[in-house]
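Structural overview
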Number of protein chains: 2
Amino acid sequence: MAKKEPASVSMLVLALLKGREMYGYQIIEELDRRSEHVFQMKEGTLYPVLHGLEKDRLVTAREAVTDKGRTRRYYAVTEKGLRVLEEKEKEWQTFSRAVTAILAGA
Amino acid sequence: MAKKEPASVSMLVLALLKGREMYGYQIIEELDRRSEHVFQMKEGTLYPVLHGLEKDRLVTAREAVTDKGRTRRYYAVTEKGLRVLEEKEKEWQTFSRAVTAILAGA
DNA sequence: TAGTATACCTAGATGTCCTATGTATGTCAA
DNA sequence: TTGACATACATAGGACATCTAGGTATACTA
């Protein structure tokens, strides 16, 4: 309906990965924490999104094993991913401002 | 993924109807105008939404014929609709604030 | 040793919105 | 006067994002 609504999940994931690499489960926890429990993403949502981002080369993945023997897949955002993130952020600002204007009864 | 994302189209429509009654085609034009061309809603999106809102008693409709002979369906928001709108607005604020926090790298 | 947390994964359903199309009338220019 | 475009309504079918529900496996804790 809008010119283009920012696909929120992938945008949020890219934003989280901007600072440092993270593994899937951690992304879910961080989103929950930083959003003060507004975003409670399901694993069934996140993992397919991560695979998509990897396929599109917006993130890279590396496998690592903890001292306790757990295997994790760490994701890091690529240059391309950062550019896409910037684009999505702009779209979000536009979208958000427009909604606010309508709600305010401009 | 979020606690609940506000269904944007119905929220925006209710918000537009808050001030005065409007007919479908006019809603599309007003959305475009007030959002500065960010929201270019399609008729195929709006009309089913209006029918749904009517069915849920969030709006009422009345038919009117212009002096030129055109038939229009004017929609007005109900008390129930106003309550739902308020709810959706709160959800939007919560959602929007959370996204901003994540993007800011909180 | 049973339950919970961690950590990954996929298939299929759902819901929102879009594309495409249809009907009918009004207006304006060629 | 006719052909193009705007107005005004409508629906069917598809695309896409996210959710539900399930699965596997290991580690910790009561």
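An account of the accompanying structure is given in this report. Residues take numbers from 1 onward in each chain, read along the sequence in its written order. Chain letters and ligand numbers both follow the written order, the letters beginning at A and the numbers at 1. Local features in this predicted model are restricted to residues of pLDDT 70 or higher, and side-chain atom pairs are both shown and tallied only at a pLDDT of 80 or more, whereas totals for entire chains, interfaces and linings draw on every residue. Excluding hydrogens and water, the side-chain values take into account all heavy atoms of the structure.

1. Brief notes about the relation of the copies chain A and chain B
Short version of the rule: When the copies are superposed, the least-squares fit draws on C-alpha atoms of residues that have pLDDT of at least 70 in both. By definition in these notes, contact holds between two residues if any of their heavy atoms fall within 4.5 Å.
Once chain A is rotated about the relating axis by 180° and shifted along it by 0.0 Å, it coincides with chain B to within an RMSD of 0.0 Å. Such a combination of turn and shift is consistent with a two-fold rotation axis. Closest to the rotation axis within chain A is the C-alpha of Ser96 of chain A, separated from it by 3.7 Å. Of the residues that chain A buries at the interface, 100% are likewise interface residues in chain B, meaning the two copies contact each other through the same surface.

2. Comments concerning the pattern of salt bridges
Residue and element names in this part refer to chain B. Stated precisely, the cut-off is as follows: For salt bridges, the criterion is a side-chain nitrogen of Lys or Arg within 4 Å of an Asp or Glu carboxyl oxygen. Runs of H or I in DSSP of at least four residues are treated as helices and runs of E of at least two as strands, each being numbered from the N terminus. Exposure is judged per residue with a 1.4 Å probe applied to protein chains only, and the accessible area is read against the type maximum: over 50% gives exposed, under 20% gives buried, and values in between give partly exposed.
Here the structure, examined in full by the defined rule, presents twelve salt bridges over all chains. A salt bridge links Arg33 to Glu30; the nearest nitrogen and oxygen atoms lie 3.2 Å apart. You can see Arg33 and its partner Glu30 sitting in helix α2 (residues 24-34), three residues apart, about one turn around the helix. What makes Arg33 exposed here is its relative accessible area of 52%.

3. Some thoughts on the sheet that holds strand β1 (residues 22-23) of chain A
Residues and elements named next belong to chain A. Let me state the cut-off plainly: At least two bridges found by DSSP between two strands are what make those strands a pair.
Read across the sheet, three strands follow the order β1-β3-β2 without closing on themselves; strand pairing throughout is antiparallel. Here the strands that pair on one side only, and so sit at the sheet edges, are β1 and β2 (59-65). Where β2 meets strand β3 (residues 71-77), seven bridges bridge the pair, whose relative direction is antiparallel. Each residue of the ladder has a partner; that of Ala64, found in β3, is Arg72.

4. Comments concerning the interface of chain A and chain B
How big an interface is tends to be stated in terms of the accessible area lost upon association of its parts. Stated precisely, the cut-off is as follows: Values labelled buried area give the accessible surface lost by two parts on being combined, using a 1.4 Å probe and summing over both. Identification of polar contacts relies on pairs of N or O atoms within 3.5 Å, with a donor-acceptor requirement for protein atoms, meaning one able to donate a hydrogen and the other able to accept it, and with residues adjacent in sequence counted only if both atoms are side-chain atoms. Polar here means any residue other than Ala, Val, Leu, Ile, Met, Phe, Trp, Tyr, Cys and Pro, which are nonpolar, and Asp, Glu, Lys and Arg, which are charged; Gly is therefore polar.
Listed by partner, the interface residues are 31 residues for chain A and 31 residues for chain B. Contact between chain A and chain B buries roughly 2900 Å² in total, counting both sides, with carbon and sulfur atoms accounting for 75%. Taken together, the connections running from chain A to chain B amount to zero salt bridges. On the surface where chain A and chain B come into contact, there are zero residue pairs in polar contact (both at pLDDT 80 or more). Only α1 (8-17), α2 (24-34) and α4 (79-104) of chain A provide two or more residues apiece to the side of chain A that touches chain B. At eleven residues, α4 of chain A tops the list of elements feeding residues into the side of chain A that touches chain B. Considering only residue class, the side of chain A that touches chain B consists of 19 nonpolar, eight polar and four charged.

5. Considerations on helix α3 (residues 43-55) of chain A
Residue and element names in this part refer to chain A. Filter applied, for reference: Given a helix with a known number of residues, its expected span is that number minus one, times 1.5 Å. The arc refers to the directions leading from the helix axis to the C-beta atoms.
Relative to the 18 Å expected for 13 residues at 1.5 Å per residue, α3 spans 18 Å between its end C-alpha atoms, a close match to the ideal helical length. Leu46, Leu50 and Leu53 are the residues of α3 that are buried. Considered in projection along α3, the buried side chains sweep an arc of 65° and stay on one side of the axis. Exposed and facing more than 90 degrees away from the buried side of α3 are Gly44 and Lys55. Along its buried surface, α3 packs onto α1, α2, β2 and β3. After α3 finishes, the residue Arg57 shows a positive phi value of roughly 65°.

6. Some thoughts on the packing of aromatic side chains
Stated formally: Classification of ring pairs uses Phe, Tyr and Trp, with its six-membered ring standing for Trp, and accepts pairs whose centres are within 6.5 Å; under 30 degrees between planes counts as stacked, over 60 as edge-to-face, and the remaining range as tilted.
Inspection of every chain in the model, using the stated rule, returns nine aromatic pairs over all chains. Arranged with centres 5.7 Å apart and planes meeting at 90°, the rings of Phe39 of chain A and Phe95 of chain B form a pair that is edge-to-face. Here Phe95 of chain B lies in helix α4 (residues 79-104) and Phe39 of chain A lies in the loop between α2 and α3, a pairing that spans two chains. Here Phe39 of chain A and Phe95 of chain B have matching classes, each one buried. With centroids separated by 5.9 Å and ring planes inclined at 40°, the aromatic side chains of Trp92 of chain A and Trp92 of chain B adopt a geometry described as tilted. One end of the pair, Trp92 of chain A, is in helix α4; the other, Trp92 of chain B, is in helix α4, on a second chain. Cluster of aromatic residues (ring-pair linked, three or more members): Phe39, Trp92 and Phe95 of chain A together with Phe39, Trp92 and Phe95 of chain B.

7. A few points about unusual backbone geometry
What is expected of a backbone is that most residues other than glycine have negative phi and most peptide bonds are trans. Despite not being glycine, Arg57 of chain A has its phi angle at roughly 65°, a positive value. Considering the arrangement of structural elements, one finds Arg57 of chain A in the loop between α3 and β2. Of the residues examined, Arg57 of chain A reaches a relative accessible area of 62% and is grouped as exposed. The phi torsion at His37 of chain B lies on the positive side, around 70°, for a residue other than glycine. Inspection of the secondary structure puts His37 of chain B in the loop between α2 and α3 (43-55).

Don't take any of this as a statement about function, it's just geometry.
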